Amino acid sequence: MESIYNLVPEPYVEPYKPPMYRSKYDPKAPLTSSTFGLRGTTATVGGGVNEIRKNHTLSSTFGPTSQSITSASNFLKAGSKTRQAPKEASAFARASGKTKPLVPRREDKPVMGLRTSKNFITANAVEAILSVPQMPQSEGVDYVNKEDYGKVPEYLSQVKEEIRRENEMIDEYVRKQLSQDEDAPEEFTEMDEQDRVDLVNKLKTKWDDVNEKYQKICHRTNFESFGDIHFKEGKEAELKKLENDIMMLQRAGSVMVSEDR
């Protein structure tokens, strides 16, 4: 924010300067396992170079000094480590054989004005007379001229007849079943009260048994297989059916039961 006090110069505060860093190790100690800069007047920075020169043998390689230094002229030559001596060079010799004809030269002229004395009409007539006549090719079947062309095949008529007989048999069976049901109507009798109470108690016992199995899996939401899902759905449907049956038997009024069942 703007203020008139900002125009007043503040006193200068000298920043804090930390002390100079000094290593805790001796700077004049010999370099650790270093053999660089031992030849010539230039040496590596640090103390103890003279002591390293006394304890090391000067060499021109990075490896151990016990190895012999080979001369620059004594290098590995081709074929020096192979069992077979190198083959001597020989003059090139082209293989003898049939070669292509030479290319015509520029001054060569083609042969022109050649004429033949052959009579092509007579030659063609003689060739046609002496040639063996070709056998006529076998003609394919003409389906248009067949006797059953455009007619329905016999096997289709047989299939249609079999389907018609099967449909008639099914219709006859259904008519008989319907006529029997109409002639003999179902008869119902009233269920005894004690039988109804016993049946309700058995259904409740069965409901408790199914519910006990269902309570073990009702809390699960992730199923590892489809069998577990079908098992849970089956128990739910069975409990629902038992509850409907119990409610139907416990409602007011008599319960009618079919004698055929």
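You'll find the structure just up there.
Residues numbered from 1 in each chain as written. Predicted model: local features only at pLDDT ≥ 70, side-chain atom pairs only at ≥ 80, totals over all residues. Heavy atoms only, no water.

Can you explain the overall build of the chain? Please cite residues and give values.
Per the secondary structure count, the chain includes five helices and two strands. Counting from the amino terminus, the chain carries its helices and strands in the arrangement α-α-α-β-α-α-β. Within the chain, contacts between residues separated by at least 24 positions form 49% of all contacts whose residues are at least 6 apart in sequence. Summed over all atoms, the accessible surface of the chain reaches about 26400 Å², with 55% contributed by carbon and sulfur. (Helix = DSSP H or I, 4+ residues; strand = E, 2+ residues; numbered from the N terminus. Contact = heavy atoms within 4.5 Å. Areas by Shrake-Rupley, 256 points an atom, 1.4 Å probe, with all protein chains shown as cover.)

Just give me the short version of a negative patch on the surface, but keep the residues and values in it.
A cluster of acidic residues, Glu190, Asp192, Asp195 and Asp198, forms a negative patch at the surface. Take Asp195: it is sitting in helix H4 (residues 193-215). (Patch = residues over 30% accessible without salt bridge, like charges linked within 9 Å, V, L, I, M, F, W, Y side chains within 5 Å. Salt bridge = Lys/Arg side-chain N within 4 Å of Asp/Glu carboxyl O. Lys, Arg positive; Asp, Glu negative; His and termini not counted. Charge placed at Lys NZ, Arg CZ, Asp CG, Glu CD.)

Summarise helix H5 (residues 226-250); cite the residues concerned and give the values.
With 25 residues, H5 extends 36 Å between its outermost C-alpha atoms, agreeing within 8% with the 36 Å of an ideal straight helix rising 1.5 Å per residue. Residues of H5 that are buried include every one of Lys232, Lys235, Leu239, Leu242, Ile246 and Leu249, and no others. Summarising the contacts, the buried residues of H5 are in contact with H4. (Expected span 1.5 Å × (residues − 1). Buried < 20%, exposed > 50% of the residue type's maximum accessible area, 1.4 Å probe, protein only.)

Tell me about the nonpolar core, and name the residues and values.
In this structure, Val200, Leu203, Val210, Tyr214, Leu239, Leu242, Ile246, Leu249 and Val255 together form the largest nonpolar core, which totals nine residues. Elements represented by at least two residues in this core include exactly H4 and H5. Among residues more than four places away in sequence, those in contact with Tyr214 are Lys232, Lys235, Glu236 and Leu239. (Core = buried A, V, L, I, M, F, W, Y, C linked by side-chain atoms within 4.5 Å.)

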